[in-house]
Amino acid sequence: MMRGRSDGAQKKRLLTSVAVVAVFVVILYVYFGSKGNGESALEYGSRSLRKLGSSYLGGDDDSDLSSKQDEKFGLEDGEDGIIPKSFPVCDDRHSELIPCLDRHLIYQMRLKLDLNLMEHYERHCPLPERRYNCLIPPPAGYKVPIKWPRSRDEVWKANIPHTHLAHEKSDQNWMVVKGDKINFPGGGTHFHYGADKYIASIANMLNFPNNNLNNGGKIRTVFDVGCGVASFGGYLLSSDIIAMSLAPNDVHQNQIQFALERGIPAYLGVLGTKRLPYPSRSFEFAHCSRCRIDWLQRDGILLLELDRVLRPGGYFAYSSPEAYAQDEEDLRIWREMSALVERMCWKIAEKRNQTVIWVKPLNNDCYMERPAGTQPPLCRSDDDPDAVWGVNMEACITPYSEHDHKVSGSGLAPWPARLTSPPPRLADFGYSTEMFEKDMELWQRRVEHYWNLLSPKISSDSLRNIMDMKANLGSFAAALKDKDVWVMNVVSKDGPNTLKIVYDRGLIGTTHDWCEAFSTYPRTYDLLHAWSVFSDIEKKGCSGEDLLLEIDRILRPSGFVIFNDKQHVIDFVKKYLSALHWEAVADPTSDPDQEGDDIVFIIQKKLWLTSESIRDSE
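Residues numbered from 1 in each chain as written. Predicted model: local features only at pLDDT ≥ 70, side-chain atom pairs only at ≥ 80, totals over all residues. Heavy atoms only, no water.

1. Regarding the pattern of salt bridges
Condition: Should a side-chain nitrogen of Lys or Arg be within 4 Å of a carboxyl oxygen of Asp or Glu, the pair is scored as a salt bridge. Here a strand is any run of E in DSSP of at least two residues, a helix any run of H or I of at least four, and the numbering for each starts at the N terminus. Burial classes follow relative accessibility: with a 1.4 Å probe on protein chains only, a residue under 20% of its type's maximum area counts as buried, one over 50% as exposed, and anything between as partly exposed.
Applying the stated criterion to the full structure yields 34 salt bridges. Ionic pairing is found between Glu-434 and Lys-438, a salt bridge with its closest N-O pair at 3.6 Å. Taken together, the residues span about one helical turn, with Glu-434 and Lys-438 both in helix H11 (residues 433-454) at a distance of four residues. Side by side, Glu-434 and Lys-438 carry an identical accessibility label, which is exposed. One salt bridge connects Lys-605 with Asp-552, and the closest N-O pair in it is separated by 3.8 Å. Residue Lys-605 is located in strand S20 (residues 599-605), and its partner Asp-552 is located in helix H15 (residues 544-554); the two are separated by 53 residues in the primary sequence. Residue Lys-605 shares its accessibility class with Asp-552, and that shared class is buried. Each of the salt bridges in this network shares a partner with another, and the network as a whole consists of Glu-284, Arg-311, Arg-418, Arg-425 and Asp-504.

2. Digging into H11
Quick reminder of the rule: By this rule the span expected of a helix is its residue count minus one, scaled by 1.5 Å. Contacts between residues were defined by any pair of non-hydrogen atoms, one from each residue, lying within 4.5 Å.
The terminal C-alpha atoms of H11, which comprises 22 residues, lie 32 Å apart, in line with the 32 Å expected from a rise of 1.5 Å per residue. Where H11 is concerned, the buried positions are Phe-436, Asp-439, Met-440, Leu-442, Trp-443, Arg-446, Val-447, His-449, Tyr-450, Trp-451, Leu-453 and Leu-454. Looking at the buried residues of H11, the elements they touch are helix H12 (475-478), strand S16 (525-531), strand S17 (555-565), strand S19 (589-590) and S20.

3. A word on the sheet that holds strand S10 (residues 310-319)
The cut-off we apply is this: A pair of strands is labelled paired if DSSP reports no fewer than 2 bridges between them. The axes are straight lines fitted to the C-alpha atoms, using for helices just the contacting stretch, and the angles between their N-to-C directions are given from 0 to 180°.
Strand order in the open sheet formed by seven strands is S8-S7-S6-S9-S10-S12-S11, and the pairing between neighbours is mixed. Both edges of this open sheet fall to strand S8 (266-268) and strand S11 (347-352), since each of them pairs with a single strand only. Direction aside, the axes of adjacent strands within the sheet are offset by 20° on average. The pairing of S11 with strand S12 (residues 355-359) spans five bridges and is antiparallel. Bridge pairing in S12 places Glu-350 opposite Ile-357. Sitting on the sheet, helix H4 (residues 195-205) is in contact with strand S9 (283-289), S10, S11 and S12, with an inclination near 125° to S11.

4. Observations regarding the confidence of the model for the protein
Applicable threshold: Confidence of the predictor in every single residue is expressed as pLDDT, which spans 0 to 100.
Per-residue confidence for the protein averages 86 on the pLDDT scale, and 82% of its residues sit at or above 70. Here residues 1-12 is modelled with pLDDT under 50, and outside its nearest four sequence neighbours on either side it reaches zero contacts, counting other chains as well. Contacts of residues 25-71 to residues separated by more than four positions or lying in other chains number 101 contacts, the stretch itself having pLDDT below 50.

5. Digging into the nonpolar core
What counts, and what does not: Side-chain atoms within 4.5 Å are what join buried Ala, Val, Leu, Ile, Met, Phe, Trp, Tyr and Cys residues into a set we call a nonpolar core. Residue ranges labeled as domains rest on an automatic or database domain assignment.
The biggest cluster of nonpolar side chains holds 122 residues, and the ones touching the most others in it are Tyr-278, Trp-295, Leu-303, Phe-316, Trp-514 and Phe-563. Residue contributions to this core peak at seven residues, all from H11. When we break this core down by domain, the ones giving at least three residues each are domain 1 (187-412) and domain 2 (419-616). Aside from chain neighbours lying at most four places away, what touches Phe-316 is Ala-286, His-287, Cys-288, Trp-295, Leu-303, Leu-306, Met-337, Trp-346, Val-356, Ile-357 and Trp-358. Counting 20 residues, the second largest nonpolar core, distinct from the first, contains Ala-195, Ala-203, Leu-236 and Ile-241.

6. As for the environment of His-449
Put simply, the rule reads: Within 3.5 Å is the distance limit for a polar contact, defined as a pair of N or O atoms, with the added protein rule that one can donate a hydrogen and the other accept it, and that residues adjacent in sequence qualify only through two side-chain atoms.
Within the element layout of this structure, His-449 appears in helix H11. A sequence separation of 140 residues divides His-449 from Thr-589, and the C-alpha atoms of the two residues are 10.0 Å apart. If we ignore the near neighbours within four places in the chain, the residues touching His-449 are Thr-589, Ser-590, Pro-592 and Val-600. For His-449, the side chain forms a polar contact with the side chain of Thr-589, separated by 3.3 Å.

7. Let's talk about the state of the cysteines
We apply this condition: Two cysteine sulfurs form what is called a disulfide whenever their separation falls within 2.5 Å.
Per the stated rule, a full pass over the model turns up six disulfides. The disulfide bridge from Cys-90 ends at Cys-134, spanning 1.8 Å between sulfur atoms. Here the disulfide of Cys-90 and Cys-134 is right-handed, its torsion about the S-S bond being about 75°. Taken as a pair, Cys-90 in strand S2 (residues 89-90) and Cys-134 in the loop between helix H2 (103-109) and strand S3 (154-156) lie far apart in primary sequence, 44 residues in all. Comparing Cys-90 with Cys-134, the two get one shared label, buried. For Cys-100, the disulfide goes to Cys-125, at an S-S distance of 2.0 Å. Torsion about the S-S bond of the Cys-100 and Cys-125 cystine: about 110°, corresponding to right-handed handedness.

8. Brief notes about unusual backbone geometry
A negative phi angle is the norm for most residues apart from glycine, just as the trans form is the norm for most peptide bonds. In this structure, the amide linkage connecting Trp-148 to the following residue, Pro-149, adopts the cis form with an omega of 10°. Considering the arrangement of structural elements, one finds Pro-149 in the loop between H2 and S3. For Arg-110, which is not glycine, the phi dihedral falls at a positive 55°. Phi angles above zero are rare outside glycine, and Asn-210 is one such case at about 55°. Take Asn-210: it is sitting in the loop between H4 and strand S6 (221-225). On the accessibility criterion, Asn-210 (78% relative accessible area) is exposed.

9. Digging into helix H16 (residues 567-575)
Two residues of an α-helix separated by three or four positions point the same way, owing to the 3.6 residues in each turn. Considered for burial, the residues of H16 that qualify are Val-569, Ile-570, Phe-572, Val-573 and Lys-575. Looking at the packing, one finds that the buried side of H16 touches helix H14 (533-539), H15, S17, helix H17 (577-580), strand S18 (582-584) and S20.

10. Examining the pairing of S10
A regular strand places its side chains so that they alternate between the two faces of the sheet. The following threshold applies: We call a crossover right-handed when, viewed with the strands running away from us, the connection from the first strand over the helix to the second turns clockwise.
Summarising burial for S10: 10 of the 10 residues are buried, a large majority. When S9 meets S10, the two strands line up parallel, connected through six bridges. If you follow Ser-289 over to S10, its bridge partner there is Ser-319. Note that the unit made of S9, helix H7 (residues 297-309) and S10 has a crossover that is right-handed. When S10 meets S12, the two strands line up antiparallel, connected through five bridges. By the bridge assignment, Tyr-318 is partnered in S12 with Val-356.

11. So, the side chain of Glu-122
Along the chain, Glu-122 falls in the loop between H2 and S3. When near neighbours in sequence (up to four residues on either side) are disregarded, Glu-122 contacts Cys-100, Leu-101, Val-270, Gly-272, Thr-273 and Lys-274.

12. Examining the packing of aromatic side chains
Convention followed: The rule is short: rings of Phe, Tyr and Trp, with Trp giving its six-membered ring, pair when the centres are within 6.5 Å, and they are stacked under 30 degrees, edge-to-face over 60, tilted in between. The criterion for a charge sitting over a ring is simple: Lys NZ or Arg CZ within 6 Å of the ring centre, and within 35 degrees of the ring normal.
The full count for this structure, using the stated rule, is 29 aromatic pairs. Following the ring pairs from residue to residue traces out a cluster consisting of Phe-223, Tyr-267, Tyr-278, Phe-283, Tyr-503, Trp-514 and Phe-518. Across the ring face of Trp-148, the terminal group of Arg-464 is positioned such that the distance to the ring centre comes to 3.7 Å.

This is the structure:
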């Protein structure tokens with residue numbers, strides 16, 4: 001009898017287990033099947049689109065949704081040509097869409113990514129058939145951003161309606177919610193009492209004159225990894241230092257969005273498996289304050305990537321418990337990290353309180369003197385340290401070029417002289433000093449022409465965040481040196497890798513392919529300069545319409561785009577003005593410094609809200 005009851009109980013338990021597993025399988029099928037079949041609310045495709053309501057600011061009432069035009073980019077209108085009256089509008093939930101950094105896309109594509117290596121925070125772009133192809137709406141109550149320099153310290157809460165960081169970091173003075181604004185007291189995880197005092201203390205550690213980190217113009221470009229809301233970079237600007245503040249779209253979402261809304265240079269990215277989108281020897285100074293990076297993983301590969309982008313004699317300031325704590329785990333990490341950087345030939349410049357600062361060697365001597373078999377090894381001689389787009393990191397040391405080794409440094413003039421001094425790496429492209437100087441003169445005239453066209457629409461504080469979509473040598477940005485702006489200089493992955501010239505001039509930028517979306521939040525730039533960008537992607541067979549939508553996503557309402565391109569490109573752009581709710585600033589004019597049919601055409605983006613956004617904000 002006892003045994004019979006036991007067998008019956010086992011059968012019951014078995015049946016129950018089978019039922020539970022079956023239910024679980026059904027749930028998984030429904031969940032992932034719905035994603036694969038386009039039923040999810042966040043699915044890519046028409047289910048996330050809707051018409052622009054008749055009640056919006058800055059558009060036409062007859063903006064009916066028309067079918068998407070499958071037009072070859074740049075063709076002239078024919079009798080059968082279709083000109084859309086409007087683009088569809090994305091669902092309000094996509095007001096912060098970053099197409100190539102969208103985790104919903106990753107889930108839908110069922111990509112097998114290594115979470116430990118941060119691959120899910122790297123770029124994964126949708127295929128053309130998975131793109132939204134719609135206008136990104138602003139959030140409810142959106143306002144034209146507060147102007148610089150006030151924006152460093154306060155932004156409109158409605159523009160970035162996320163306050164979780166204020167609560168999570170309330171004891172660290174990252175940000176404070178005050179009424180309809182969010183204030184930034186300048187604090188950080190390791191500098192509660194203000195970034196300005198923390199920066200001065202680092203300069204003091206290095207015995208720089210007047211506790212100024214720019215060290216007489218010798219330090220100009222800084223890389224702040226795991227930057228939070230970029231207060232460190234924001235407070236460096238007053239010292240004529242420009243920082244590339246980097247953070248992923250991780251659990252602390254919106255930190256880069258806050259940085260850009262504040263008018264501080266920043267970029268969405270991660271130290272994962274791919275090289276950072278910057279050439280070798282780009283930064284004089286790197287910084288990590290509680291950046292939560294495991295620098296010892298994979299034979300120190302992340303620290304070696306940092307080494308790649310540091311200049312000869314560059315510094316790395318590391319503020320973290322491992323630098324000062326006495327518990328066993330922190331001591332272990334400190335010992336292993338100290339051994340690693342010693343094998344990398346880094347030396348401690350200073351160690352005080354909670355911060356250690358290492359300095360990179362000036363030449364290759366130390367590398368050559370290491371015993372045979374020392375790890376990490378030197379990179380292969382055929383490895384191009386400036387190739388970055390989609391290139392995997394390697395756990396090896398990047399030695400200096402023959403020039404840098406010979407002069408024991410980069411040979412750059414201090415800032416601001418370096419902006420106009422021909423950098424030594426010009427020779428890598430076969431460019432002469434005369435060519436460099438002519439390029440500067442050309443872009444000085446062009447920028448003056450641009451500003452004459454813009455002058456009826458802008459005042460001295462209208463623009464802050466600017467992007468040069470095809471930066472070449474960086475002379476467009478150099479011509480803006482007297483204006484209170486900063487420029488993200490973008491160099492194409494397909495053309496000459498002139499981004500190292502941009503950095504050698506004391507400017508910042510990144511590598512990109514304009515057939516894909518840029519790694520930034522919507523509404524983050526005041527002005528985009530599109531010089532021959534559309535002609536370039538046309539040659540590659542990419543969609544001009546997609547690029548127009550991407551420009552609109554990046555551009556702030558009331559922001560501007562300067563198109564400088566062929567006549568047929570300008571005609572193409574003009575056809576879509578009403579569809580994008582853009583308006584021409586002035587009639588197209590010829591480029592006075594360009595032979596052929598190059599035309600300058602400037603537009604301004606209107607501020608519009610969907611019917612739902614207006615209702616929600618009332």
